[in-house]
Amino acid sequence: MPQANTKLQKLIILSLMIALDVVLSPLFRIEGMAPMSSVMNVIGVALMGPIYGTAMALICGILRMLLLGVPPLALTGAVFGAFLAGIGYKYTKSIYGAMVGEIIGTGLIGSLLSYPIMVWFTGSAQGMYWFIYTPRFFGGAISGSLIGFLVYQKLKTVPKFIQLQAYFKGEMLHGTLISKEKNR
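Residues numbered from 1 in each chain as written. Predicted model: local features only at pLDDT ≥ 70, side-chain atom pairs only at ≥ 80, totals over all residues. Heavy atoms only, no water.

Peer 1: Could you give me a rundown of the overall build of the protein, with the residues and numbers involved?
Peer 2: Within the protein, the regular secondary structure consists of 7 helices and 2 strands. In the protein, the succession of helices and strands from N to C terminus is α-α-α-α-α-α-α-β-β. For the protein, buried positions account for 43% of its 184 residues. A separation threshold of at least 6 residues defines the contact pool for the protein, and within that pool the share at least 24 residues apart is 65%. (Helix = DSSP H or I, 4+ residues; strand = E, 2+ residues; numbered from the N terminus. Buried < 20%, exposed > 50% of the residue type's maximum accessible area, 1.4 Å probe, protein only. Contact = heavy atoms within 4.5 Å.)

Peer 1: Give a detailed account of the side chain of Asn 41, specifying residues and quantitative values.
Peer 2: For Asn 41, the position within the fold is in helix 2 (residues 35–48). Relative accessible area serves as the criterion here: at 1%, Asn 41 is assigned to the buried category. Apart from the residues within four sequence positions on either side, Asn 41 is in contact with Met 56, Ala 57, Ala 78, Gly 81, Ala 82 and Glu 102.

Peer 1: Hey, could you go over the nonpolar core for me, with residue numbers and the actual values?
Peer 2: Formed by 27 residues in total, the largest nonpolar core has its most connected members in Met 17, Leu 47, Met 48, Met 56, Ile 95 and Ala 98. For this core, the elements supplying multiple residues, two or more each, are helix 1 (2–27), helix 2, helix 3 (50–68), helix 4 (73–92), helix 5 (95–122), helix 6 (134–155) and helix 7 (159–168). When residues of this core are assigned to their parent elements, the largest contribution, 9 residues, is made by helix 2. In this structure Leu 47 touches Ile 13, Met 17, Phe 161, Leu 164, Gln 165 and Phe 168, once residues within four positions along its chain are discounted. (Core = buried A, V, L, I, M, F, W, Y, C linked by side-chain atoms within 4.5 Å.)

Peer 1: Outline helix 3, supporting the account with residue identities and numerical values.
Peer 2: Taking 1.5 Å per residue, 19 residues should reach 27 Å; helix 3 reaches 26 Å between its end C-alpha atoms and fits that length. What helix 3 keeps buried is the set Pro 50, Gly 53, Thr 54, Met 56, Ala 57, Cys 60, Gly 61 and Arg 64. The buried side chains of helix 3 occupy one side of the element, clustering within an arc of 155° when seen end-on. In helix 3, those exposed residues whose orientation departs by more than 90 degrees from the buried face are Ile 51, Leu 66 and Leu 67. Phi for Gly 69, located one or two positions after helix 3, is positive at around 70°. (Expected span 1.5 Å × (residues − 1). Arc of directions from axis to C-beta.)

Peer 1: For the environment of Pro 50, give the residues involved together with the corresponding values.
Peer 2: Within the secondary structure, Pro 50 sits in helix 3. Between the C-alpha atom of Pro 50 and that of Gly 88, which follows or precedes it by 38 residues, the distance is 8.8 Å. If we skip the residues at most four places from it in the chain, Pro 50 touches Gly 86, Ile 87 and Lys 90.

Peer 1: Any details on the packing of helix 3 against helix 4? Residues and values, ideally.
Peer 2: Running from N to C, helix 3 and helix 4 point in directions that differ by 170°, and their axes come no closer than 8 Å. On the basis of their axis angle, the class for helix 3 and helix 4 is roughly antiparallel. Contact with helix 3, carried on its side by Pro 50, Gly 53, Thr 54, Ala 57, Leu 58, Gly 61, Ile 62, Arg 64 and Met 65, involves Ala 74, Leu 75, Ala 78, Val 79, Ala 82, Phe 83, Gly 86, Ile 87 and Lys 90 of helix 4 and no other residues of that element. Of the residues in the contact of helix 3 with helix 4, the class split is 12 nonpolar, 4 polar and 2 charged. (Axes fitted to C-alpha atoms, helices over the stretch in contact; angles between N-to-C directions. Parallel < 35°, antiparallel > 145°, perpendicular 65-115°, else oblique. Nonpolar A, V, L, I, M, F, W, Y, C, P; charged D, E, K, R; others polar.)

This is the structure:
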């Protein structure tokens with residue numbers, strides 16, 4: 001039964017992160033940029049890892065599109081940024097890896113994929129060019145990653161955040177942190 005409880009607790013943390021992202025993204029928005037989405041991506045993958053972080057970004061993008069009328073750019077930017085941020089954090093074990101992944105995923109890949117999606121969405125390529133979204137996406141990803149870095153520096157001193165990080169890495173058993181030496 002602890003397995004079901006663990007999954008439920010992870011889903012609750014995921015839903016809280018989704019709620020924070022959906023509420024904060026429109027509040028701290030610069031026209032054409034969504035730096036708060038990048039903040040949440042960097043913190044989300046540092047807390048939950050790449051799978052849950054990417055799921056968070058995907059669900060948030062869909063919710064922002066449905067509830068706030070945001071165009072599909074909410075998906076192209078956030079999802080690729082979260083995925084690469086998660087991979088960067090997982091393999092470097094550093095917030096810097098998450099930041100670089102977020103900037104490349106959102107700033108470069110997300111911005112370039114936004115062009116064909118918006119041509120399809122609007123039905124016209126008139127007045128648009130491939131790099132139209134790149135400066136704004138890079139601006140949002142860089143500023144959001146830097147803010148995420150600053151927030152993470154504070155969060156990593158909070159014992160509950162550290163405990164939740166360990167929990168998502170599978171190092172928790174019955175509410176107790178298991179040291180890696182015991183598992184060897």
